[in-house]
Amino acid sequence: MIDIGFSWFTLLYVAAGLLTVFGLWLYYDWRDKHLYDRDRARVAFHCIKCGQVYSARKRAEVAKCPSCGFENQKLKF
């Protein structure tokens, strides 16, 4: 059996806990970045023909309305 002192055991225990927290922090930061990048890339459009508000995933200036097919410019605020 491995014989280690109490101070070394405590140090290893705390280090393992910190590494776990740091690893989870990096994972969730990476996951959130990838999840919200898709939503941030969306552009809002308002159809002037049928009045529907819709969004497109691409950063396009023009998109077709899913209801009537009319091409609209993106909303500018």
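Here we look at the overall build of the chain
Part 1: Assigned secondary structure in the chain consists of one helix and four strands.
Part 2: Reading the helices (α) and strands (β) of the chain from amino to carboxyl end gives α-β-β-β-β.
Part 3: Oriented by its inertia axes, the alpha-carbon framework of the chain measures out at about 80 × 25 × 15 Å.
Part 4: Split into buried and exposed, the 77 residues of the chain put 12% on the buried side.
Part 5: Sequence separation of 24 or more characterises 15% of the internal contacts of the chain that already satisfy a separation of 6 or more.
Part 6: In the structure as shown, the chain presents an accessible area of about 6,900 Å², 64% of it carried by carbon and sulfur atoms.

A few points about the packing of aromatic side chains
Part 1: Within the structure shown, the criterion is met by four aromatic pairs.
Part 2: Relative to Trp 25, the ring of Phe 22 lies with its centre 5.6 Å away and its plane at 70°, an arrangement referred to as edge-to-face. Here Phe 22 pairs with Trp 25, and both are found in helix α1 (residues 6-40), just three residues apart, close to one helical turn.
Part 3: A relative accessible area of 41% means that Phe 22 is categorised as partly exposed.
Part 4: Classification of Trp 25 by relative accessible area gives exposed; the value is 56%.

Observations regarding the pairing of strand β2 (residues 53-56)
The side chains of a regular strand alternate, residue by residue, between the two faces of the sheet.
Part 1: Taking every second residue as pointing to the same face, the buried face of β2 carries Tyr 54 and Ala 56, while none of Val 53 and Ser 55 on the other face is buried.
Part 2: When strand β1 (residues 43-46) meets β2, the two strands line up antiparallel, connected through four bridges. Each residue of the ladder has a partner; that of Phe 45, found in β2, is Tyr 54.
Part 3: Between β1 and the antiparallel strand that follows it, β2, lie six residues; Gly 51 among them carries a positive phi value of about 85°.

Cut-offs and rules
Residues numbered from 1 in each chain as written. Predicted model: local features only at pLDDT ≥ 70, side-chain atom pairs only at ≥ 80, totals over all residues. Heavy atoms only, no water. Helix = DSSP H or I, 4+ residues; strand = E, 2+ residues; numbered from the N terminus. Buried < 20%, exposed > 50% of the residue type's maximum accessible area, 1.4 Å probe, protein only. Contact = heavy atoms within 4.5 Å. Areas by Shrake-Rupley, 256 points an atom, 1.4 Å probe, with all protein chains shown as cover. Phe/Tyr/Trp six-rings, centres within 6.5 Å; stacked < 30°, edge-to-face > 60°. Pairing = 2+ DSSP bridges.

Note that all results are geometric; they support no functional claim without further evidence.
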